[in-house]
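# Structural overview for review
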Amino acid sequence: MVTHALQAQVSLTGTSYTETFDGLGSGLPTGWSSFTGASGTSLGTTTSFASTTVSWSTSTGNFRNAASADGLASNSSTGAQGTSTDRALAVRQTAAFGDASAAFAVKLANTSGLQSFSLTYKLQSLDAASARTATWLLQYGVGESPTSFVTVPPTSGTTATGGSSFSNNTYSFDFGTALDNNTQPIWIRIVTLTATSGSGSRPTTGIDDFSLTYSTLTNSPTIGVLPNALSGMTYTEGAGPSSPTTFTVTARNLTPAVSVTVASPTNFEASTDNSTYSTSPLLLTPAGDGSLSQPIYIRLAAGLTANPYSGTVTVTTTDVPDSKTVAVSGTVYPAGAVGPCGTSTPIAAIRSAPDNLTFTATGRVISAIGTNIYIQDATGGILLYTGTGTTVEIPEISIGDEIQVTGIISTYQTDREMKNFTSCFVKTSSPNVTPTPTVVTTATLCDHKGELVTLQGVSITAPTGTNFAGNTNYTLSNGTILRIQNGTDLVGATRPSGTFDVTGVVSLFNNVCQLLPRSTADVPGSTPTTASCPEVGTGGSGTAVSSTLDIVWWNVEWLGNTGFGPTNEAQQQSNVAAQLQTMNKDIYCLEEVCDLTKLDAIVATLNTNTGKSYTYTCGADPTRTPAIYYSHWFDDPEVAGDATTYAQKVCFVYDKAIVTNVSASQILTGTAGSSDWASNRFPLLMNCDATINGIKKNLKLVGLHSKSGSDVSSYNRRIADFNSLKTYLDATYPNDNVLIMGDYNDDADQSIYVDGTTTYVSSFSAFTTSPDYTVITKQLSNCNVPSTASYPDIIDHLTVSNEISTNGTFTASGIQYITNSVNNVRPVTGGTTTSDHYPVTARFLFAATDLTPTIELPQANFNTNTTNNFVATIAEVGGVFSSTGTTTITITVPTGYTIGYDNTLTSINVTDGTANPVAVDNTKWAVTNNVSDLQLTLTIAAGQSIGINGKSVLGFSVTRTTATSGSVSSITINVNNDSSQSYDGNSTNNVYARIINGL
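Residues numbered from 1 in each chain as written. Predicted model: local features only at pLDDT ≥ 70, side-chain atom pairs only at ≥ 80, totals over all residues. Heavy atoms only, no water.

## Remarks on the overall build of the chain
Note the following rule: Only DSSP runs of H or I with at least four residues qualify as helices, and only runs of E with at least two residues qualify as strands; both kinds are numbered from the N terminus onward. Note on method: radius of gyration uses C-alpha positions; expected globular size equals 2.2 Å times residues raised to 0.38. Only protein chains enter the accessibility calculation, which uses a 1.4 Å probe. A residue is then buried if its area is under 20% of the maximum for its type, exposed if over 50%, and partly exposed in between. Contacts are assigned to residue pairs that have any heavy atoms within 4.5 Å of one another. Computed with the Shrake-Rupley method and a 1.4 Å probe, the accessible areas treat only the protein chains shown as cover for residues. In this tally, Asp and Glu contribute negative charge and Lys and Arg positive charge; neither His nor the terminal groups of the chain are included. Each charge is placed at NZ for Lys, CZ for Arg, CG for Asp and CD for Glu.
A tally of helices and strands in the chain yields eight helices and 67 strands. Taking 999 residues into account, the globule formula puts the C-alpha radius of gyration at 30 Å, and the chain, at 40 Å, lies well above it. Counting only C-alpha atoms and orienting by the principal axes, one finds that the chain spans roughly 145 × 65 × 60 Å. Looking at the chain as a whole, 53% of its 999 residues are labelled buried. Within the chain, counting contacts between residues at least 6 apart in sequence, those at least 24 apart form 72% of the total. Entry remark: accessible area of the chain is about 38200 Å², with carbon and sulfur atoms responsible for 49%. Once the 41 positive and 70 negative side-chain charges of the chain are each reduced to a mean point, those two points are 3 Å apart.

## Thoughts on the packing of aromatic side chains
Describing an aromatic ring pair means giving the distance of the ring centres and the angle of the ring planes. The test is simple: Side-chain rings of Phe, Tyr and Trp (the six-membered ring for Trp) are treated as a pair once their centres are within 6.5 Å; stacked means planes under 30 degrees apart, edge-to-face means over 60, and tilted covers the remaining angles.
Across all of its chains, the model carries 29 aromatic pairs by this definition. Consider the rings of Trp32 and Phe210, whose centres lie 5.0 Å apart with planes at 90°: the pair is edge-to-face. In this pair, Trp32 is assigned in strand S4 (residues 32–36) and Phe210 in strand S17 (residues 204–216), connecting sequence segments 178 residues apart. Between Phe35 and Trp187, the aromatic rings sit 6.1 Å apart at their centres with planes inclined by 70°, giving edge-to-face as the arrangement. In this pair, Phe35 sits in strand S4 while Trp187 sits in strand S16 (residues 186–191), placing the two residues 152 residues apart along the sequence. Each member of the pair, Phe35 as well as Trp187, is classed as buried.

## Looking at the pairing of strand S41 (residues 548–559)
Spelled out, the test is: Pairing between strands is defined by DSSP: at least two bridges between the two strands are required. We call a crossover right-handed when, viewed with the strands running away from us, the connection from the first strand over the helix to the second turns clockwise.
Most of S41 is tucked away: twelve of the twelve residues are buried. Both S41 and strand S55 (residues 840–846) contribute to a ladder of six bridges, which runs antiparallel. Bridge pairing in S55 links Ile551 to Ala842. Sheet analysis places S41 next to strand S42 (residues 587–593), joined by six bridges and oriented parallel. When the sheet's bridge partners are listed, Asn555 is paired in S42 with Glu591. The parallel pair S41 and S42 is bridged by helix H3 (residues 569–583), and the resulting crossover is right-handed.

## Describing the sheet that holds strand S35 (residues 452–458)
As a reminder, the rule being used: Axis definition: a line fitted to C-alpha atoms, over the contacting stretch in the case of helices. Angles run 0 to 180 degrees between N-to-C directions.
Ordered by their spatial adjacency, seven strands build an open sheet running S34-S35-S39-S40-S38-S37-S36, and the pairing between neighbours is mixed. Each of the sheet's edge strands pairs with one partner strand only, and the pair in question is strand S34 (438–440) and strand S36 (460–462). Across this sheet, the average inter-strand angle for adjacent strands is 50°, counted without regard to direction. Direction of pairing for S35 relative to strand S39 (residues 500–509): antiparallel, over a ladder of five bridges.

## Topic: the domain arrangement of the chain
The cut-off we apply is this: A domain assignment, automatic or from a database, supplies the domain bounds used here.
According to the domain assignment, the chain contains domain 1 (16–216), domain 2 (223–333), domain 3 (346–433), domain 4 (436–529), domain 5 (547–846) and domain 6 (851–998). One C-alpha centre belongs to domain 1, the other to domain 6, and the line joining them spans 93 Å.

## Quick word on the sheet that holds strand S59 (residues 888–892)
Strand order in the open sheet made by the six strands is S57-S67-S66-S59-S64-S63, with mixed pairing throughout. The open sheet terminates on both sides in strands that have one partner only, identified here as strand S57 (861–862) and strand S63 (925–931).

## Side note on helix H4 (residues 596–610)
Our working definition: Take the residue count of a helix, subtract one, and multiply by 1.5 Å to get its expected span. Regarding the arc, it is the one traced by the directions from the helix axis to the C-beta atoms.
Between its first and last C-alpha, H4 extends 21 Å over 15 residues, near the 21 Å set by a 1.5 Å rise per residue. All of the buried residues in H4 are Leu596, Lys598, Leu599, Ile602, Val603 and Leu606. Axial view of H4: buried residues confined to an arc of 145°, hence all on one face. Facing away from the buried side of H4, by more than 90 degrees, are the exposed residues Thr597 and Thr608. In this structure, the buried residues of H4 make contact with S41, H3, S42, strand S43 (614–617) and strand S44 (649–655). At the C-terminal side of H4, Gly611 shows a positive phi close to 75°.

In structure tokens, the structure reads:
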């Protein structure tokens, strides 16, 4: 029997309390509350409850009145759910509602005079379409507003919902003596304190048939344990003992002089203080009133061999006839490789371990797509999920690299994975080795979960079609599911029409094995969608290289570092030199240059074999020896003579005959945090002049190597870095010719960060969406042209500011990107023994405006004191673009004459002219220097220019003063030399002279 107090709490009477929730249409039962924001130290915030019926699949986040799963099925209609009289108290979690903090709670007024509490309730997963998994705990807290809670585990099973399941499970809990005879309020809650795992929608979770049983308090001696089962004690062989787990022994009405004995099973040891452990029984002494509350710490003993272990802790006293027991279990895992993260456990052992244990694993990368990385060792393979929950930096990795990681083991959609990498995720110094797939049959496929395999002689039977779609299943002739993942070049690729041998990673989804090919190379007969872009790389095919500025950007993969990248350093050096020589470009932006002596040798070889004069800069830092800037991937400094410590650098190699007036330095260093730009691998800005066919242009070249990784942390860090770069360039070089090149470590059309089926915009979208910049390599993204040997994306990019024309015409800068000239360069000399990246190249045309003067002087004969009027014309004859800047001309008359200029004239009558009056632009020019009326210097007014194929006409007068009769001389006009080439780029036609005669 139960009565409800007015203070929204339950007053217990009799021997049981039951709540069926069938009256939820009138509101929550008395004593019950719904909370969000729950934590280990707080009930959270009381949240409203929707008393009207709501279907299981309604995605709005709320606490709701839902149909119980009793008597219904996963496909029960909304109508059937609404009319069902059997109700459940439910919650629909969303990203913003209760994802890691929802709770159902009941408040008991007290437990005075009661003992021996136990509980059963039904936990229901109500929406089978919800893929994410939520884990629920049963906890109790004491007091009006508890600040601590104790978790009570179920006697069996795991309390979880979601995972695309429809379930209705009854769980039982034993509180021992923990709730006995307490005069304070008791809260019992069913709560989720961790974020849902996986991807997709979050679950709708219901509770029903909550039944609490108890008995009347007696004065008989009583003992209890809580919890009554402990698991998850583990260590790697040779690294014991395990971390401890804890249970509490409680008692009342004991004889104070009679001890309570706690006996550990073989292979386990116990302690009362978590300091001194013993395999011998522990003796606990009750208090003077016969009560006891003692935490007991228990762990797996050190020195055990690799095996699972289990046993029972027995708690006894002569005052109580029945003993209490705690089931304990753990595992000692075999020791594997030793590396930067510690000692690894073989992957097969990790796959067989229970969820939420922490392991270190070492394996070779067999697939890396978005946040999903598969590794494999000699015992098995496993997925590393690097999305939500991972906080450690993910290094740049390639298929065949060996990595070591520390994370927790988990189950997602019935497959095993490691996740939550928060302490260690590193690439080891082991050389890259291309993994070899294991040939399997239909019968043995599922024996190789997480491993790279090949199925021979299969064909695609369903669905029909000619091209693959992303995130789609295809059925093979042997019944195997072939899953095409987003983030591969298989999306949109042609499907093979006949029988083929397919390679991929074996995964498990809802207990069904499926094969995940990594690229079109794994599916013979499949061709990526590049045929629609035949124009790529054809731009400028008819233009001599001597007439263009040609630029390359290339990640040369740990050039000279003996710990990473290609292992034959001499071969890599020779291959890089040969590749640069073959490409024969003007400027190379090279990333991951580690050993500068290697670069010295490469440049020397290049100069010898090409006859050119190349040099390089990595930016100057006089405080270092040698004086260069470093792009750090670690915090330790380089050690002279130890090539394993040589850090990555961004360097520009350039032809000194083309590139002059060079200065270079790192940018964005002033206010950067320690994690900015891949832990301070800052961009390098080279300010220089480049001259092509006598035309000189100033350029601001930015070489960069952005943060690598397809995980969310790396993605967000790249976003912040590119945003800071754009802010800096906009403020510092708003009108300059800026070219940003290098390894962006992301694609332009969409990011390489893919979480499940969700795709994201490029991390440098600040540039891709800005009208002030053009990402030249976006064309390669759209055409599926890659820049690495391992992945289908292009991650090595070029972005130019809008001063540089990209539409096939010239603008005021006089710099034009040659349309369709951008392309990757492959094959690379030496292949992956040189680099896992391909060089990418683009070409540019230079042009300058061309001004030339003429004089129209029909009457060239002068009597003494005669004045003749004439006009001078300054014409743009280059036909390229308008002049800009401060156009300046000088006009000179011989001794014995004077020249006059009136800047108010808009027309003039030319002496003996045939088309008078002649319109003139005198108001647009001003005399800036006058030498005794013999020579005038004129400058065009601010904001004025001479347009493409345009002209400016000026009116002058010349008077003969003291020139002798019969004299012959000249009036000369010239366009002043323009070293900046802003208004004139051709000095060969800058002077014009007109003969005059003194009669």
